[in-house]
Amino acid sequence: MAKAATQFACTDCGYSAGRWFGKCPSCGEFGTLVEEATGQAKSASAAKPTLRLIDVKAEEAERIPTGISELDRVLGGGLVPASLVLVGGEPGVGKSTLLLSALAAMSTERRALLVTGEESVAQVKLRAARLGGAEQVEILAETELEIVCATLEQERPAVCVIDSVQTLYSSELGSAPGSVGQVREAAARLLRVAKEAGVATILVGHVTKDGAVAGPRVLEHLVDCVLQFEGDRYHEHRILRASKNRFGSTNELAVFEMTGTGLVGVPEPSELFGRTVEGEIGAAVACALEGSRPLLLEIQALVAPTDLAMPRRVGTGVDPKRLAMIVAVLSRHAGIALGQADVFVNVAGGVRIDEPGADLAIGLAIVSAAKGAPVKPRIAAFGEIGLTGRLRPATQAERRLEECAKLGLEAAVAPAGTTGRGKLCILEAETLREAAKAGIDAKRAEGG
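Each value, and the rule that gives it
- For every chain, the first residue of its written sequence is number 1, and the numbers climb from 1 along that sequence.
- Totals for whole chains, interfaces and linings use all residues, but because this is a predicted model, local features are given only for residues with pLDDT of at least 70 and pairs of side-chain atoms are given and counted only at 80 or more.
- Excluding hydrogens and water, the side-chain values take into account all heavy atoms of the structure.
- Without a salt bridge and with relative accessible area above 30%, a residue can belong to a patch; like charges are then joined within 9 Å and nonpolar side chains (Val, Leu, Ile, Met, Phe, Trp, Tyr) within 5 Å.
- Only the protein chains shown count as cover for residues, and all accessible areas are computed by the Shrake-Rupley method using a 1.4 Å probe.
- Between Lys or Arg on one side and Asp or Glu on the other, a salt bridge is scored when a side-chain nitrogen of the former is within 4 Å of a carboxyl oxygen of the latter.
- Each helix corresponds to a stretch of at least 4 residues labelled H or I by DSSP, and each strand to a stretch of at least 2 residues labelled E; elements are numbered beginning at the N terminus.
- Note on exposure labels: buried denotes an accessible area under 20% of the residue type's maximum, exposed denotes more than 50%, and partly exposed covers the range between, all computed with a 1.4 Å probe on protein chains only.
- When DSSP finds two or more bridges between two strands, those strands count as paired.
- Two rings from Phe, Tyr or Trp (for Trp, the six-membered ring) form a pair when their centres sit within 6.5 Å of each other. Planes less than 30 degrees apart are called stacked, planes more than 60 degrees apart edge-to-face, and all others tilted.
- The rule for a disulfide is simple: a pair of cysteine sulfur atoms within 2.5 Å.
- Simply put, an axis is a line fit to the C-alpha atoms, just over the touching stretch for a helix, and the angle between two N-to-C directions goes from 0 to 180 degrees.
- An angle below 35 degrees is read as roughly parallel, one above 145 as roughly antiparallel, one from 65 to 115 as roughly perpendicular, and any other as oblique.
- A clockwise turn of the near helix away from the far one marks a right-handed crossing, whereas an anticlockwise turn of less than a right angle marks a left-handed crossing.
- Throughout, a residue-residue contact means that at least one pair of heavy atoms, one from each residue, lies within 4.5 Å.
- Nonpolar residues are Ala, Val, Leu, Ile, Met, Phe, Trp, Tyr, Cys and Pro. Charged residues are Asp, Glu, Lys and Arg, and all others, Gly as well, are polar.
- By convention a nonpolar core is built from buried Ala, Val, Leu, Ile, Met, Phe, Trp, Tyr and Cys residues, the set being connected through side-chain atoms within 4.5 Å.
- Think of the arc as the fan of directions from the helix axis to the C-beta atoms.

A separate point is a nonpolar patch on the surface. Taken together, Leu51, Leu53 and Val56 make up a surface patch of nonpolar side chains, about 380 Å² in accessible area. Examined against the element boundaries, Leu51 turns out to sit in the loop between strand S3 (33-37) and helix H1 (69-75). A relative accessible area of 70% places Leu51 in the exposed class.

Right under this line is the structure:
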């Protein structure tokens, strides 16, 4: 037997070393390496025979509907049996509320278990009474990992929610609950139990101050799906995204509204986020694509003179680097003087846009704010802006145009070559300058 060694592990990235460092060599954070005792080294095991993929028989298991259509959309159609799902988000954003509602809906047809380590049974009972319909949900208040795993192997529920994985601890490890070693051990054991017992397990994870899931990165590598809650807990709307999904797309998005009876899905988010006030300066409607869902979003922009040597480019809900690129293209190829002005861009509703198809709407909102002229009423815009000032077509233009028509818009500013069916008028443009002329209502400029 090899002698047990002491390792120092980083609480942010999981990097481990044989000695302590003031600065983590992997992620560069200071003071994050903590001491952990490793287990005894195991003897070598016998080799196992290998298989060819052609000899493997794979059966497509029927997914478990959660009873919440928006959650099923992000998961790719429902929970996959024997899968491990990690849900992260800010404190108070609604993780426990959403998962308890899902357990209540699933408990009507199959066994559903809630393992709570942060709240008492009485606290969960009060929340369940407020949500309603959770009478059949089974509950276990336990933080010892061995007991939780033994209960899952014996009871074998169809679905289990563990709130949260950072509260579990193994008596075999000497470190405190929530440490790198404990979280890694808990995730590994629960993964094995979920696969062997066929239990669809959902883990609730804490997040760091930067919004990332707390604990080592191996936690996200082990699980099958990682769901991330976005949105401020002081606002009523929440966004749920999948940053990793082995059984579906990672581009899907779900919108929830926090009400007195829990989180309620918003089936038509375009009605919520895509409404603008006619004649408002610095506002444009973008038609973004999130997975299979077209989404209309209001883009707000403000251009103000600055006395700073380096004007600010501040984006909320958009990539700051992409915003700086759009501002540079507007200055160079569209003739918009922004060198002595601060530019602020915001996506209404707290939604984040990552796809390049929203570039054109961001550019129109900035031009509208700079010229003091509103965007023409009842139009949307989509398209990618190139560094040469030329517009590139956005993917799935047909679906975007259908969403615009469904909301009652009359026209869409799009790159040249965009075609679509229906009564929606397409204002085609090859360059950003042409798009600005087509989309900005110059007759209604201030003082004009």
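In this sheet, strand S11 (residues 253-259) lies alongside strand S10 (residues 237-245) in antiparallel orientation, the contact comprising 5 bridges. Bridge pairing links Leu240 to Ala254 in S11. Examined bridge by bridge, S11 and strand S12 (residues 262-265) share 4 bridges and lie antiparallel to one another. Its bridge partner being in S12, Thr259 is matched across the sheet by Gly262. Between S11 and S12, which pair antiparallel one after the other, the connecting turn spans 2 residues.

Time to look at the packing of aromatic side chains. This structure, assessed with the given rule, holds 1 aromatic pair. An angle of 55 degrees between the planes, with centres 6.4 Å apart, marks the rings of Phe229 and Phe256 as tilted. Here the residue Phe229 occupies a position in strand S9 (residues 225-230), and Phe256 occupies one in strand S11, the gap between them amounting to 27 residues. Residue Phe229 is classed as buried on the basis of its relative accessible area of 5%.

Attention now goes to the state of the cysteines. By the definition in use, this model includes 0 disulfides. Considering cysteine sulfurs only, Cys287 is the nearest to Cys404, which forms no disulfide, with 4.0 Å between them. Here Cys404 falls in the buried class, since its relative accessible area comes to 0%.

In the structure shown here, the tally under the stated rule is 24 salt bridges. The salt bridge involving Glu109 is made with Arg110; its shortest N-O contact spans 4.0 Å. You can call Glu109 exposed: its relative accessible area is 65%. For Arg110, a relative accessible area of 27% translates into the label partly exposed. Here Arg322 makes a salt bridge to Glu384, at a shortest N to O gap of 3.6 Å. With a gap of 62 residues between them, Arg322 in helix H8 (residues 320-333) and Glu384 in strand S18 (residues 384-385) connect regions that are remote in the sequence. Through salt bridges with shared partners, a single ionic network connects Glu230, Arg241, Glu290, Arg352 and Asp354.

The next point concerns the sheet that holds S9. Pairing between the strands of a sheet comes from backbone hydrogen bonds, and it takes one of two forms, parallel or antiparallel. Read across the sheet, 9 strands follow the order S6-S5-S7-S8-S4-S9-S10-S11-S12 without closing on themselves; strand pairing throughout is mixed. Every other strand in the sheet has two partners, leaving strand S6 (138-141) and S12 as the edge strands with one partner each. Averaged over all adjacent pairs, the angle separating strand axes in this sheet is 25 degrees, with direction ignored.

On to the packing of helix H2 (residues 95-106) against helix H3 (residues 121-131). Interhelical geometry of H2 versus H3 gives an angle of 65 degrees and a closest axis separation of 10 Å. Viewed along their axes, H2 and H3 adopt a mutual orientation that is roughly perpendicular. Viewed along their axes, H2 and H3 form a crossing whose handedness is right-handed. On H3, the residues that touch Ser96, Thr97, Leu100 and Ser101 of H2 are Val124, Arg127, Ala128, Arg130 and Leu131. Grouping the amino acids of the contact of H2 with H3 by side-chain chemistry returns 4 nonpolar, 3 polar and 2 charged.

In this section: the nonpolar core. Formed by 51 residues in total, the largest nonpolar core has its most connected members in Leu297, Ile299, Leu330, Leu338, Val345, Ile362 and Ile366. When residues in this core are grouped by element, the largest group, 8 residues, is from helix H9 (residues 359-371). Counting residues in hydrophobic clusters, the runner-up holds 36 residues, among them Leu100, Ala112, Leu131 and Ala134.

Before going further, it helps to examine helix H4 (residues 145-155). Turning to H4, its buried residues number three or more, namely Leu145, Val148, Cys149 and Leu152. Projected down its long axis, H4 carries its buried residues within an arc of 95 degrees, all on one side. On its buried face, H4 sits against strand S5 (112-116), strand S7 (159-163) and helix H5 (180-197). Arg156, located one to two residues past H4, shows a positive phi value of around 50 degrees.

Glancing now at unusual backbone geometry. Look at the link from Asp163 to Ser164: it is a cis peptide, with omega at 5 degrees. Mapped onto the secondary structure, Ser164 falls in the loop between S7 and H5. The backbone phi angle of Arg156 is positive, close to 50 degrees, even though this residue is not glycine. One can find Arg156 in the loop between H4 and S7. Although it is not a glycine, Arg378 sits at a positive phi angle of roughly 60 degrees. When you line up the elements, Arg378 lands in the loop between H9 and strand S17 (379-381). Residue classification places Arg378 among the partly exposed residues on the basis of a relative accessible area of 40%.

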